[in-house]
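What follows is each chain in one-letter form.
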Amino acid sequence: MPNKEMLLIPGPTPVVDEIYEALAQETMSHTDLRFAKIFSEALDITRKMFNTDGEVFVVAGSGTLSMEMALVNTVAPGEKLLVVSHGYFGDRFIGVANALGIQVEALSAEWGKQVSTELIEQKLREGGFKAVTVTHVDTSTGVKSNLDELVPIVKKYGALFILDGVCASAAIEEDMGKEYGAAGYTIDVVLTASQKAIGVPPGLAIVAFGPKALETRSQMDKVHCYYADINNWIHIMKEPFKYFATHPINMIYAYHRAMKIIEKEGFKTRYRRHNAIGKAIRAAIVTYGMSILSREEIAAPTLSCILYPEGVDDQKFRTFLAQKGLIVAAHLGPLAGKGFRIGHMGNVTNDSLCRALQLIGEALQEQGLPVDPERAVQVFKQVFAENMEDV
Ligand SMILES: Cc1ncc(COP(=O)(O)O)c(C=O)c1O
């Protein structure tokens, strides 16, 4: 079932034939050992991808459920949480924490920028924070967080490091076994979802708990939820033929296929490919006189947040593209109307990105801008190749 449109919003991302075929397989019983084998294999690859000795949980739900699972199993009502926010999705943790009765404080950056590490350290010095949330890539701003800087600061103050990988997992390394500068300075929880760089349709919440986060849950009393309580799932993830709640069987087939594709590409190669794509797209886009919201060092490999030059009509621009079969996303919040967002992650192909660049050029030409689409495509190919070369 080839895709009729180029869905280049920052998730859901284009689904490849192999994954559609997996989705369309006959539904088995959720307690069938053949199904359990498929699920276990997918979970094993997920553990490998996050390099964790802890446990991974894959359940029916969206990324917001995985945010909720991360918090409800680590921070009790009344305990303190610090949210480091680089945009709309960083801020979403405030809402989740409020709903759970967690005492939340937030440091929110101006859109397109990062929160300064000095501010974070100053806040943590006040003491008492049980956990800190960081959004690896905020999908509203295209800002990538710097884990090398942030993990050591958070761990120095003894808080759990919770990483939202919804717009990053499987495209940027999230290594929970890695020690950032000192023993025990590790990422404790990564939460994510199926529909972005993993390349599966929306519908799965995926959460990895490292050993310290699992220990935290075991020291907590009851938590105020049922479906999201990892204690109800932990034995199921070890033996997926057991029952707690019915698995989304066909989505697990698709997830299994997607994890196989990721493993086959190689985690490191996949991260490098995304890095190269991000650089190449940004280099091509600026040839059109458009600009990127954030500076290059913090721009995400998975999506680009682009600002129009003077005089471009947003609605007309995106409608032109949609009529040609290219779907991009509008900006959110304070940036609405000022540009657009394009996703370039998952199983997206370079051919489709070149076609997208060509169409973006044509959309600008239609609004009277003297741009050169052939040159933009050439720049994309050249910068991509340079960044995929062996170092
Ligand atoms: C970084 C990030 N976190 C969380 C979410 C919420 O995920 P969902 O919409 O699947 O609930 C999104 C959604 O796009 C996101 O981009």
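Residues numbered from 1 in each chain as written. Predicted model: local features only at pLDDT ≥ 70, side-chain atom pairs only at ≥ 80, totals over all residues.

Asker: If you had to explain the overall build of the protein to someone new, which residues and values would you point to?
Answerer: A count of helical and extended segments in the protein gives 13 helices and 15 strands. Its C-alpha atoms give the protein a radius of gyration of 21 Å, within 12% of the compact-globule value 21 Å for 391 residues. Along the first, second and third principal axes, the C-alpha atoms of the protein reach 65 × 55 × 40 Å. Out of the 391 residues belonging to the protein, those deemed buried represent 49%. Within the protein, contacts between residues separated by at least 24 positions form 74% of all contacts whose residues are at least 6 apart in sequence. (Helix = DSSP H or I, 4+ residues; strand = E, 2+ residues; numbered from the N terminus. Rg over C-alpha atoms; globule rule 2.2 N^0.38 Å. Buried ≥ 20, exposed ≤ 12 C-beta atoms within 10 Å, placed from the backbone. Contact = placed C-beta atoms within 7 Å.)

Asker: Describe the site of the ligand, with residues and values.
Answerer: In the vicinity of the ligand, 14 residues are found, and the nearest of them are Ser62, Gly63, Thr64, Thr139 and Val166. No other element matches the 3 residues that helix H3 (residues 63-72) contributes to the shell around the ligand. Residues that form the shell around the ligand fall into these classes: 6 nonpolar, 6 polar and 2 charged. (Near = placed C-beta within 6 Å. Nonpolar A, V, L, I, M, F, W, Y, C, P; charged D, E, K, R; others polar.)

Asker: Mind laying out the sheet that holds strand E14 (residues 329-330), listing which residues take part and the relevant values?
Answerer: The antiparallel open sheet is built from 4 strands, whose spatial order is E11-E12-E15-E14. The strands lining the two open edges of the sheet, one partner per strand, are strand E11 (291-292) and E14. Where strand E12 (residues 303-307) and strand E15 (residues 339-343) come together, 5 bridges link them in antiparallel fashion. Bridge assignment links Ser304 to a residue of E15, and that residue is Ile342. (Pairing = 2+ DSSP bridges.)

Asker: Lay out the confidence of the model for the protein with the relevant residues and their values.
Answerer: Here the protein averages 97 in pLDDT, and 99% of its residues register 70 or above. For the protein, the element scoring lowest by mean pLDDT is strand E1 (residues 6-7), at 96; strand E8 (residues 160-164) scores highest, at 99. (pLDDT = per-residue confidence, 0-100.)

Asker: Account for unusual backbone geometry, naming residues and giving values.
Answerer: Each neighbour pair has its own omega, and for Gly11 with Pro12 the value is 0 degrees, a cis peptide bond. Structurally, Pro12 can be placed in the loop between E1 and helix H1 (17-23). Located in the positive-phi region is Asn51, a residue other than glycine, with phi close to 50 degrees. By the element assignment, Asn51 lies in the loop between helix H2 (33-50) and strand E2 (55-60). Judged by the 17 C-beta atoms lying within 10 Å of it, Asn51 is partly exposed.

Asker: Explain the nonpolar core to me, and be specific about the residues and the numbers.
Answerer: Met69, Val132, Val189 and Val207 are the most contacted members of the largest nonpolar core, which totals 122 residues. The dominant element in this core, judged by the number of residues it contributes, is H2, at 8 residues. Two domains share this core, each providing at least three of its residues, namely domain 1 (17-265) and domain 2 (267-388). Not counting chain neighbours up to four residues away, the residues in contact with Val207 comprise Phe57, Ser66, Met69, Ala70, Val189 and Leu191. (Core = buried A, V, L, I, M, F, W, Y, C linked by C-beta atoms within 7 Å. Domains from an automatic or database assignment.)

Asker: Summarise the domain arrangement of the protein; cite the residues concerned and give the values.
Answerer: For the protein, the domain assignment lists domain 1 (17-265) and domain 2 (267-388). If you average the C-alpha positions of domain 1 and of domain 2, the two centres end up 28 Å apart. At the level of secondary structure, the elements contributing two or more residues to the side of domain 1 that touches domain 2 comprise strand E7 (143-144) and helix H9 (249-265). Here the side of domain 1 that touches domain 2 gets 3 residues from one element, more than from any other, and that element is H9. The class makeup of the residues in the side of domain 1 that touches domain 2 is 14 nonpolar, 7 polar and 4 charged.

Asker: Report on the pairing of strand E3 (residues 80-85), specifying residues and quantitative values.
Answerer: Burial within E3 is extensive, with 5 of its 6 residues counted as buried. Note: E3 against strand E4 (residues 103-108), 6 bridges, orientation parallel. Each residue of the ladder has a partner; that of Val83, found in E4, is Ala106.

Asker: I'd like a description of helix H13 (residues 373-388), backed by residues and values.
Answerer: Here H13 is 16 residues long and its end C-alpha atoms lie 23 Å apart, about the 22 Å a rise of 1.5 Å per residue gives. The set of residues buried in H13 consists of Pro373, Ala376, Val379, Phe380 and Phe384. Mapping the buried residues of H13 onto a view down its axis gives an arc of 125 degrees, with all of them on the same face. Turned more than 90 degrees away from the buried face of H13, the exposed residues are Glu374, Ala385 and Glu386. Its buried side turned inward, H13 meets helix H10 (267-286) and helix H12 (350-366). (Expected span 1.5 Å × (residues − 1). Arc of directions from axis to C-beta.)

Asker: Report on the sheet that holds E4, specifying residues and quantitative values.
Answerer: The strand order E2-E10-E9-E8-E5-E3-E4 describes an open sheet built from 7 strands, whose pairing is mixed. With one partner strand each, in any of the chains shown, E2 and E4 form the two edges of the open sheet. Between one strand and the next, the sheet's axes are offset by a mean angle of 15 degrees, whatever the strand orientation. Where E3 lies against strand E5 (residues 129-135), 5 bridges are found, and the strand directions are parallel. Paired with Lys80 across the bridge in E5 is Phe129. (Axes fitted to C-alpha atoms, helices over the stretch in contact; angles between N-to-C directions.)

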